[in-house]
Amino acid sequence: SLKIRSPILLPLPKPHLGQRTQTQTMSNSRQYWVYHERQDALLCGQHALNNLVQQNAFSPGSLADIAGQLDQMELNFMAQNDEGGTSSKDYLKRIAEGSGNVDESGNF
């Protein structure tokens, strides 16, 4: 089967601010492009973020780094709370579960 590689650019006419979008002829209209990555593997979080920011800004590695930073911030917050800190059931359960921000298959 034919597979289209990402990203693709889709033409999109730019509406005028404060006016309703009107159909224009090609001779007097400008075209703007929308960045779009198609789903590849199980990286929907990466593709959604890149589509949102309209560029290839996030890679699986950069998102894994962010997930690791979030994990550490969460653990630090849990360790410093007044509900038992590192001895609390919630903290120990969170340590046993591993990352809540990324799984082994790369889902973010």
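Check the entry above for the structure.
My aim in this report is to walk through the structure given alongside it, one point at a time. Owing to the predicted nature of the structure, the values given are computational and were not obtained by experimental measurement. (Residues numbered from 1 in each chain as written. Predicted model: local features only at pLDDT ≥ 70, side-chain atom pairs only at ≥ 80, totals over all residues. Heavy atoms only, no water.)

Concerning the overall build of the chain
Each helix and strand counted, the chain has three helices and two strands in total. Ordering the α and β elements of the chain from the N terminus gives β-β-α-α-α. Put simply, 34% of the contacts in the chain that link residues at least 6 apart link residues at least 24 apart. Counting every atom, the chain has about 8600 Å² of accessible surface; 55% of that belongs to carbon and sulfur. (Helix = DSSP H or I, 4+ residues; strand = E, 2+ residues; numbered from the N terminus. Contact = heavy atoms within 4.5 Å. Areas by Shrake-Rupley, 256 points an atom, 1.4 Å probe, with all protein chains shown as cover.)

Quick word on the environment of Asn76
As for its placement among the helices and strands, Asn76 is situated in helix α2 (residues 60–79). Distance in space between the C-alpha atoms of Asn76 and Thr86 is 9.2 Å, their sequence separation being 10 residues.

Section: the pattern of salt bridges
What the rule picks out here adds up to three salt bridges. Between Arg94 and Asp71 there is a salt bridge, with its nearest N and O atoms 2.9 Å apart. Taken together, the residues span a long stretch of sequence, with Arg94 in helix α3 (residues 89–97) and Asp71 in helix α2 at a distance of 23 residues. Note that Lys93 is salt-bridged to Glu97, the shortest N-O span being 4.0 Å. In this pair, Lys93 and Glu97 both sit in helix α3, four residues apart, roughly one turn of the helix. (Salt bridge = Lys/Arg side-chain N within 4 Å of Asp/Glu carboxyl O.)

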